[in-house]
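# Descriptive analysis of the structure
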Amino acid sequence: MWYSTEVSTPKAIERISKLLDSGELETSNTSMRIPTALRDAAALAVRELGVAPSATALTATALRATLEAVVMQAALDDHYRRYPEARPSLGDLALATAELDGHPLAGEPDRLRRAAAEIVEKHPDASADDVLLWAEARALPAA
């Protein structure tokens, strides 16, 4: 079978991307078992909310979106594996999150980087949102 041969991550990313970009309109009959509640929810969303022309179209769109996200994440993970120095720091991620969200601390990169350095000491799995909360809390006057 065409999908049983192992390939490297970059080759898999390239092949999936080419398949997604092909624009091929030919369809295939598949036999997929999905939870009944999910099938019913999709049918209801199509019929009552008009989210897609059919449950099949909704499923195909969702599958495409998931595959596109998986390919992007795999490419990023592969890049960071090969170039670990390119991975942004938690402080950089917090700054980017603040900028995207229009957070008031977006203009204070030094404060966010300090907050990131402080929080990872006790919480190594902290997220960018955790850093923003920590930086906000540190900025509050003591009551």
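Each value, and the rule that gives it
Residues numbered from 1 in each chain as written. Predicted model: local features only at pLDDT ≥ 70, side-chain atom pairs only at ≥ 80, totals over all residues. Heavy atoms only, no water. Helix = DSSP H or I, 4+ residues; strand = E, 2+ residues; numbered from the N terminus. Rg over C-alpha atoms; globule rule 2.2 N^0.38 Å. Expected span 1.5 Å × (residues − 1). Buried < 20%, exposed > 50% of the residue type's maximum accessible area, 1.4 Å probe, protein only. Arc of directions from axis to C-beta. pLDDT = per-residue confidence, 0-100. Polar contact = N/O pair within 3.5 Å; in protein donor to acceptor, adjacent residues only side chain to side chain. Contact = heavy atoms within 4.5 Å. 1 Å grid on protein atoms, 1.4 Å probe; cavity = no way out; pocket = protein on both sides within 12 Å on 5 of 7 lines; lining within 4 Å. Points joined across faces, edges and corners; volume = space filled by probe spheres on them. Salt bridge = Lys/Arg side-chain N within 4 Å of Asp/Glu carboxyl O.

Our next topic: the overall build of the protein. Of regular secondary structure, the protein possesses six helices and zero strands. Ordered by position in the sequence, the α and β elements of the protein form the string α-α-α-α-α-α. Its C-alpha radius of gyration of 22 Å places the protein more than 25% over the 15 Å reference for a compact globule of 143 residues. Taking the principal axes of its C-alpha atoms as reference, the protein extends roughly 65 × 45 × 25 Å.

Moving on, we come to helix α5 (residues 109-122). Taking 1.5 Å of rise per residue, 14 residues should cover 20 Å, and α5 covers 21 Å from first to last C-alpha, within 8% of that figure. Along α5, the positions that sit buried rather than exposed are Leu112, Ala115, Ala116 and Ile119. Buried residues of α5, viewed axially, fall in a sector of 105°; they line one side. Relative to its buried face, α5 has exposed residues pointing more than 90 degrees away, namely Asp110, Arg114 and Glu121.

Per-residue confidence for the protein gives a mean pLDDT of 91, with 94% of residues at or over 70. Considering each helix and strand of the protein separately, the mean pLDDT is smallest for helix α1 (residues 9-21), with a value of 92, and largest for helix α4 (residues 90-101), with 97.

We now examine the side chain of histidine 103. Assignment of secondary structure puts histidine 103 in the loop between α4 and α5. From its side chain, histidine 103 meets the backbone nitrogen of leucine 105 in a polar contact 3.0 Å long. Ignoring anything within four residues of it in the chain, the contact list for histidine 103 reads Ala98, Leu132 and Glu136.

All right, on to the layout of surface pockets then. Within this model, the largest pocket holds a volume of roughly 1500 Å³. Considering the residues around the largest pocket, the lining is formed by 30 residues, among which Ser28, Thr30, Met32, Ala60 and Leu63 are closest to the centre. Among the elements of the structure, α1, α2 (36-49) and α3 (55-82) are those that each provide at least two residues to the lining of the largest pocket. Residue contributions to the lining of the largest pocket peak at nine residues, all from α3.

Along the chain, the position of lysine 11 falls in helix α1. Of the residues examined, lysine 11 reaches a relative accessible area of 54% and is grouped as exposed. As for lysine 11 and glutamate 48, which are separated by 37 residues in sequence, their C-alpha atoms are 41 Å apart.

By the definition in use, this model includes nine salt bridges. The closest approach of N and O atoms between arginine 138 and glutamate 118, which form a salt bridge, is 3.1 Å. Taken together, the positions of arginine 138 in helix α6 (residues 128-139) and glutamate 118 in helix α5 put the pair 20 residues apart, joining distant regions of the chain. Judged by relative accessible area, which is 53%, arginine 138 ranks as exposed. According to the relative accessible area criterion, glutamate 118 is partly exposed, its value standing at 31%. Each of Asp78, Arg81 and Arg82 takes part in salt bridges that share partners, so that together they form one network.

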